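# Commentary on secondary and tertiary structure
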Amino acid sequence: MAVERRNRLGSALLSGLLLAVALSLAACGKGGGAEHAPERGDKAVARVNGETVWSSDVKREAVAQSLIGEGEPLDASSDLFRRVLDEVVDQKLLAAEALKRKLDKDPLAQRRLAAARERILGDMLVEGVVADAVNDNAIRGLYQEQLKLAKRSEEIHARQIVLATAADAEAVKKLLASGASFQALAMERSHDAATRFNGGDLGYFTVDVMPEAYDAALKDAKAGAVVGPFAVEGGFAILKVEDRRLEQPITLEAARPQIVRFLTYDQIRDLLEKLRGRSKVEVLVKSDNPGQARPPADAPKLAPPPAAPPPAASASAKGTGK
């Protein structure tokens, strides 16, 4: 148990120790007085030698370790919260001992503490800029803009019956012409196990994900038409076209994470370009690729999400795709 705990804490403690020392130094400079929750709704979850550990401290550490996402909740009663809390407590104990031994006076430690401080301040600046710019209006605006530019293909909803021979397929075609139910015949006679028991239903699909034979058969077929039989791998297929429509665009909620990532990157890029533009930056080492520009952020393409291959591909269409 002790060995496992040491392994688990190792990397987290090394990364958090300097930050803990930096925060301890800052706290020492503030003097006494009653402690107040650093964030609205914050909760004290531990005390280490009289210093309060807040739930926000634990959540921030969990985010830093990529155990949860930014803004994602972390239940204080969960095992994960308790594990990260233990690590935060250990960081504070190590930082306090480091201060007691005056390790913060070492020149190398001071440089590393300064770097940790700069990283924290930079992160806070970016968080503030992003919070102001990446709002619901910006997200909706970019979504609507990209929606106008998105090209939508035609989707087809069809059912199929797959038979072993051309003669069997012609026999089924005659039964359909005499008024037999397509769904009932699919369940009774189709050889395609993936679609047979749901009446041959292929769902909505675009022809580019189907084998060439399907593309050719469905090219001019209108809703309600029965086409085939035509040869497919494993036999002969008869299709019934249920519907044709324009491909449905991705919803705002589905596109939101992608849009947020783009807007966040765009804001950070613009901020850094402005800061570099009004600052004097001298790079004293040679680059292997001098003058190589960083690629710009591209607006997210709000095309419909890629559809899973229709069930037909698992049996009748396997191996004949484009």
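Before any of the text, the structure's been laid out above.
Reference entry: report on the structure contained in this document. (Residues numbered from 1 in each chain as written. Predicted model: local features only at pLDDT ≥ 70, side-chain atom pairs only at ≥ 80, totals over all residues. Heavy atoms only, no water.)

### As for the overall build of the protein
When you go through the protein residue by residue, the secondary structure sums to ten helices and six strands. Taking as baseline every contact in the protein between residues at least 6 positions apart, the subset at least 24 positions apart corresponds to 71%. Roughly 20700 Å² of accessible area belongs to the protein as shown, and the carbon and sulfur atoms make up 54% of that amount. (Helix = DSSP H or I, 4+ residues; strand = E, 2+ residues; numbered from the N terminus. Contact = heavy atoms within 4.5 Å. Areas by Shrake-Rupley, 256 points an atom, 1.4 Å probe, with all protein chains shown as cover.)

### Describing the pairing of strand β3 (residues 154-163)
The buried fraction of β3 amounts to nine of the ten residues, a majority that puts the element mostly inside the structure. When β3 meets strand β6 (residues 235-246), the two strands line up antiparallel, connected through ten bridges. Bridge pairing in β6 links Ile 161 to Ile 238. Inspection of the sheet shows β3 paired to strand β4 (residues 201-205) by three bridges, in the antiparallel sense. Considered in β4, the bridge of His 157 is made with Tyr 204. (Buried < 20%, exposed > 50% of the residue type's maximum accessible area, 1.4 Å probe, protein only. Pairing = 2+ DSSP bridges.)

### With respect to the nonpolar core
With 15 residues, the main nonpolar core has Phe 205, Tyr 214, Leu 218 and Leu 239 as its most contacted residues. Elements with a minimum of two residues in this core: β3, β4, α9 (212-218), β5 (226-232) and β6. Core analysis: the second largest hydrophobic core is formed by eleven residues, Val 130, Leu 142, Tyr 143 and Ala 255 among them. (Core = buried A, V, L, I, M, F, W, Y, C linked by side-chain atoms within 4.5 Å.)

### Here we look at helix α6 (residues 166-177)
Its twelve residues place the ends of α6 16 Å apart at the C-alpha level, agreeing with the 16 Å of an ideal helix rising 1.5 Å per residue. Among the residues making up α6, those that are buried are Ala 169, Val 172 and Leu 176. In an axial view of α6, the angular spread of the buried residues amounts to 65°, which keeps them on one side of the axis. In α6, the exposed residues that point more than 90 degrees away from the buried face are Ala 167, Lys 174 and Ala 177. Following α6 by one or two positions, Gly 179 has its phi on the positive side, about 110°. (Expected span 1.5 Å × (residues − 1). Arc of directions from axis to C-beta.)

Remember, this is a structural readout, not a statement about activity or role.
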